[in-house]
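# A closer look at the structure
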Amino acid sequence: MSTETNNEVTRNQMDTSNMDKTPSNDDKNIATITHIGGTVFSFVPALIVWILKKDENQYVEDQAKEALNFQITMVLAYMLAGVLSWILIGLIFFPIIWVLNIVFCIIAAISTSKGEIYRYPFALRLIN
């Protein structure tokens, strides 16, 4: 094997070992803030964290993608409610979507503060 191949194998082994260990307190805090940030700033915090941490930490990357997918789903739900508001039924959906966003983000933040992996129940998986 060449030196380049050995370095690649070593890098891949390091990535795999990173997935097996439990997340550090910093990782848990970043994931928690990412989920909570979605209640106020929509998809922006999750997008920033995902872009900055996607190559550094598997746990933070996974939770940032999950938060990003959920917030994109919420944006699409708000858009659908906006279209349906022309026939007045969408006005009922705005507060329901808002409450669901807050409740699920809080549940996700609590789970990630414990170091658990959280999956939103009805998020579109657009970012893989």
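Residues numbered from 1 in each chain as written. Predicted model: local features only at pLDDT ≥ 70, side-chain atom pairs only at ≥ 80, totals over all residues. Heavy atoms only, no water.

## Quick notes on the pattern of salt bridges
- Within this structure, the stated rule accounts for 5 salt bridges.
- One salt bridge connects aspartate 62 with arginine 119, and the closest N-O pair in it is separated by 2.9 Å. Residue aspartate 62 is found in helix α4 (residues 58–84), and its partner arginine 119 is found in the segment after α5 (90–113); the two are separated by 57 residues along the sequence.
- A salt bridge links arginine 119 to glutamate 66, with the shortest nitrogen-to-oxygen separation between them at 3.3 Å. Placement of arginine 119 in the segment after α5 and of glutamate 66 in helix α4 is noted, with a sequence separation of 53 residues between them.
- Classification of arginine 119 by relative accessible area gives partly exposed; the value is 39%.
- According to the relative accessible area criterion, glutamate 66 is buried, its value standing at 4%.
- Several salt bridges share partner residues, and in doing so they unite Asp62, Glu66, Arg119 and Arg125 into one network. (Salt bridge = Lys/Arg side-chain N within 4 Å of Asp/Glu carboxyl O. Helix = DSSP H or I, 4+ residues; strand = E, 2+ residues; numbered from the N terminus. Buried < 20%, exposed > 50% of the residue type's maximum accessible area, 1.4 Å probe, protein only.)

## A short note on α4
- Relative to the 39 Å expected for 27 residues at 1.5 Å per residue, α4 spans 39 Å between its end C-alpha atoms, a close match to the ideal helical length.
- The distance from a side-chain oxygen at the start of α4 to the backbone nitrogen of tyrosine 59 is 2.9 Å, and the residue carrying that oxygen is asparagine 57. (Expected span 1.5 Å × (residues − 1). Polar contact = N/O pair within 3.5 Å; in protein donor to acceptor, adjacent residues only side chain to side chain.)

## A few points about the nonpolar core
- Within the largest apolar cluster, 10 residues are counted, these being Phe70, Met74, Ala81, Ile97, Phe104, Cys105, Ala108, Tyr118, Tyr120 and Ala123.
- Secondary structure elements with two or more residues in this core: α4 and α5.
- Examining the composition of this core, we find that 4 residues originate from one element, α5, more than from any other.
- What alanine 108 contacts, discounting residues up to four positions off in sequence, is His35, Tyr118 and Tyr120.
- Membership of the second largest hydrophobic core comes to 7 residues, among which are Val49, Ala64, Ala67 and Leu68. (Core = buried A, V, L, I, M, F, W, Y, C linked by side-chain atoms within 4.5 Å. Contact = heavy atoms within 4.5 Å.)

## Regarding the packing of helix α2 (residues 25–41) against α4
- Direction vectors running N to C along α2 and α4 enclose 5°, while the axes themselves pass 9 Å from each other. Considering their axes alone, α2 and α4 lie roughly parallel with respect to each other. Together, Asp27, Lys28, Ile30, Ala31, Thr34, His35 and Gly38 of α2 and Tyr59, Val60, Gln63, Ala64, Ala67 and Gln71 of α4 make up the contact between the two elements.
- Its residues assigned to classes, the contact of α2 with α4 comprises 6 nonpolar, 5 polar and 2 charged. (Axes fitted to C-alpha atoms, helices over the stretch in contact; angles between N-to-C directions. Parallel < 35°, antiparallel > 145°, perpendicular 65-115°, else oblique. Nonpolar A, V, L, I, M, F, W, Y, C, P; charged D, E, K, R; others polar.)

## A look at the confidence of the model for the protein
- Scored by pLDDT, the protein comes out at a mean of 88, with 84% of its residues at no less than 70.
- Here residues 1–18 is a poorly scored stretch, pLDDT under 50, and it has 4 contacts once near neighbours within four places are set aside; other chains count. (pLDDT = per-residue confidence, 0-100.)

## Re the side chain of threonine 73
- Here threonine 73 is to be found in helix α4.
- You can call threonine 73 buried: its relative accessible area is 10%.
- When neighbours within four sequence positions are excluded, threonine 73 is seen to be in contact with Phe122, Ala123 and Leu124.

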